[in-house]
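# Chains, contacts and geometry: an overview
Each chain, letter by letter, is given below.
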Amino acid sequence: IVNQSTAVGNLDHKPNGNNESVEVKPFSEIPGPKGLPLIGSLLTVLKNDGYYIKKTHLYMIMNAKKYGRIHKDKMGNFDEGEEWRRFRSILDKKLLKVKDVSAYSGRMNDVITDLINYLTKKQLEDDLNGEISNLRDCLYKWSFETIGTILYNKRLGTLQDPPNPIAEKFYHSVCLMFEQSNDLAPIPPYYKYFKTKYWKDYCQLWDTMFEIAEQLINEEHQRLQQIMQDIADKSVDLRRSEELEFLPYVLLRGELNSDEIVGNIIDLMIAAVDTSANTMLWTLYILGKNPEIQEKLYQEVSNVLKKGEYPDSGAIQKMSYLRALIKETQRMYPILPGVPRFIDTDIVLAGYRIPANTRIMAGFCVMSCDESIFDEPTKFKPERWIRSPSKRRLDPYIYTAFSFGPRMCIGRRVAELQMQLLIARLISQFRVECRNTGEVGQIIRTVASPETDIRIALEPRIN
Ligand code: HEM
């Protein structure tokens, strides 16, 4: 039972560095809800129509208040992937290098141009005095198209007019699968054995995703083979080229078999869509609610870009307020309330001995509102992320949005750049107005999302 428990805590970023001997308490003394012997607190999470499934962040904050910065909880068993390290060593090379990702800014800008045209057309059709209905869907399409063009080396076509029907099918499968995974995640997997309709439909979504992804990858494979045949200078080895795009790199290196390539690409797509889109919804919400923040951002962006110029990663480097604004949005609205880790050796955490094979959950949403880490944590202050000679250096471990270590988000660089480009482009073209009257809360739909529609109106700037 101990081995199946989870210890939840803030990342203890101030270890006892002075080598003084401190009393280490045993794992059994870590406070936490008692729960039931086998399923632990699962019922607490499921009751009231799964209230705490949708509000995991509140569950974690509540337990942190009740039991302290480190506490333990139990929710059944979890599996860990084994092949993961090998996959990461191959994919990291292409997705986490700043230089490679910067080269995607042209494609990312093309998708943004399509999104802006799509939004403008929708505004006219909706006729809601500038407001865009179902902005969430528009932003999901933007992140789907962006990751699509990077992974498959071609545009998929959900933002084109009319949309590409295969791309639409792909898009709906990714979105629905993500939503349904959230409903299935905490339930013991009996539905698999009774083959309920829900389960069959869910499997169908996966089949559709795999079929379309396979088709797209095969097309790219054939294109590459043709290019290799056509290269007149046979001494050129395309496989060694530094300039290769993501899919050509993975296909030509031959380190992954075709099932592994499809599986990894699907994983990347699934992880990319909701995360970036929801972060953008929150950022627009903040901008729309805070005209002074918006004005400051506009001034920064227009100082860097000439009229009508599109930003690239070089321009973004000069926009410290923009980068800080997105970081602060991620602090206030973390997309994942925390990340789990299995530890393979005994460790001491916050004064307690944690045995090997325990699952640790680092509670990012708890850290975000911890006064000992952030001053005035309830206030939205992008400035806290801007370095200056007069300020103390920020602890690098307090920016938790993409997590840390070898398992940190593999899409971090892609996500950051695509979001920075989108906000810079939108703010230089439009004034953002938020029409939600009250505060919008967070709800967990696998990732933390706005509880109600974010109502945004975009008013073209007259320069
Ligand atoms: C604002 C956008 C995003 C946020 C906040 C975000 C955040 C995260 C976090 C916190 C993790 C867990 C890391 C850990 O366990 O330590 C993660 C994992 C992951 N993310 Fe992202 N992510 C974002 C966008 C993306 C994008 C665009 C992609 C694809 C290009 C992506 C692909 C992945 C994958 C594949 C994993 C699993 C990594 C692994 O377990 O090896 N993410 N992400």
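Description of the structure in this document.

The rules we used
Going along each chain's sequence as written, the residues are numbered from 1 onward. For a predicted model such as this one, the threshold for reporting local features is a pLDDT of at least 70, and the threshold for listing and counting side-chain atom pairs is 80 or more; totals across whole chains, interfaces and linings nevertheless cover every residue. Values shown for side chains rest on all heavy atoms present in the structure; no hydrogens or waters enter the calculation. A helix here means a DSSP run of H or I that spans at least four residues, while a strand means a run of E at least two residues long, and both kinds are numbered starting from the N terminus. What a helix should span is 1.5 Å times the count of its residues minus one. Polar contacts, as counted here, are pairs of nitrogen or oxygen atoms within 3.5 Å of one another; within protein the pair requires one atom able to donate a hydrogen and one able to accept it, and residues that are adjacent in sequence qualify only if both atoms are side-chain atoms. The definitions used throughout rest on a 1 Å grid laid over the protein atoms alone, on which a cavity is an enclosed set of points accommodating a 1.4 Å probe that cannot get out and a pocket is an open set flanked by protein within 12 Å on both sides along at least five of seven lines; lining residues are those having an atom within 4 Å of a point. Grid points are joined across faces, edges and corners, and a volume is the space filled by probe spheres set on the points. Each residue is assigned to one class: nonpolar for Ala, Val, Leu, Ile, Met, Phe, Trp, Tyr, Cys and Pro, charged for Asp, Glu, Lys and Arg, and polar for all the others, Gly among them. Any two residues whose heavy atoms approach within 4.5 Å at even a single point are treated as in contact. In this analysis an axis means a line fitted to C-alpha atoms, helices contributing only their contacting stretch, and an angle means the value between N-to-C directions, from 0 to 180 degrees. Between 65 and 115 degrees an angle is taken as roughly perpendicular, under 35 as roughly parallel, over 145 as roughly antiparallel, and anywhere else as oblique. With the far helix as reference, a near helix turned anticlockwise by less than a right angle produces a left-handed crossing, and one turned clockwise produces a right-handed crossing. Remark: nonpolar core denotes a set of buried residues (Ala, Val, Leu, Ile, Met, Phe, Trp, Tyr, Cys) joined through side-chain atoms within 4.5 Å. Between buried and exposed lies partly exposed: a residue is buried under 20% and exposed over 50% of the maximum accessible area for its type, with that area taken using a 1.4 Å probe on protein chains only.

## Notes on helix H11 (residues 258–289)
Along an α-helix, a turn takes 3.6 residues, which lines up residues three or four apart on a common side. Between its first and last C-alpha, H11 extends 47 Å over 32 residues, near the 46 Å set by a 1.5 Å rise per residue. Among the residues of H11, the N-terminal cap falls to Asn257, whose side-chain oxygen and the backbone nitrogen of Asp259 are separated by 3.1 Å.

## Some remarks on empty space enclosed by the protein
Overall, the coordinates contain 3 cavities of 30 Å³ or more when judged by the stated rule. Taken as a whole, the largest cavity spans an internal volume of roughly 70 Å³. The wall of the largest cavity is formed by Lys327, Gln330, Arg331, Met367, Ser368, Phe374, Trp385, Ile398, Tyr399, Thr400 and Ala401. Those elements that place two or more of their residues in the lining of the largest cavity are helix H14 (320–332) and helix H15 (364–368). No other element matches H14, which puts 3 residues into the lining of the largest cavity. Its residues assigned to classes, the lining of the largest cavity shows 6 nonpolar, 3 polar and 2 charged.

## Remarks on the environment of Cys409
As for its placement among the helices and strands, Cys409 is situated in the loop between H15 and helix H16 (412–429). Every residue in contact with Cys409, bar those within four places of it in the chain, is listed here: Arg88, Leu96 and Phe402.

## Let's talk about the packing of helix H5 (residues 105–126) against H16
At a closest axis distance of 10 Å, the pairing of H5 and H16 adopts a crossing angle of 45°. Our classification of the angle between H5 and H16 gives oblique. You can see that H5 and H16 cross each other, and the crossing is right-handed. Of the residues in H16, those in contact with Ser105, Met108, Asn109, Ile112, Thr113, Leu115 and Ile116 of H5 are Val414, Leu417, Gln418, Leu421, Leu422, Arg425, Leu426 and Gln429. Split into classes, the residues belonging to the contact of H5 with H16 amount to 9 nonpolar, 5 polar and 1 charged.

## Section: the nonpolar core
Grouped together as the largest cluster of nonpolar side chains are 111 residues, with contacts concentrated most on Leu139, Tyr152, Phe170 and Phe246. The element contributing the most residues to this core is H11, with 17 residues. Leaving out residues up to four positions away in the same chain, Phe170 has contacts with Phe144, Tyr152, Leu156, Met209, Ile212, Ala213, Leu216 and Met269. Ranked by size, the runner-up nonpolar core spans 8 residues in total, among them Ile70, Tyr352, Ile354 and Ile360.

## Side note on unusual backbone geometry
The general pattern is negative phi for most residues beyond glycine and trans for most peptide bonds. With an omega of -5°, the peptide bond running from Asp161 to Pro162 counts as cis. Mapped onto the secondary structure, Pro162 falls in the loop between helix H6 (135–152) and helix H7 (165–184). In this structure, Asn129 takes a positive phi of about 55° despite not being glycine. Mapped onto the secondary structure, Asn129 falls in the loop between H5 and H6. One non-glycine residue with positive phi stands out, namely Asn153, at about 65°. Summarising the element assignment, Asn153 is placed in the loop between H6 and H7.

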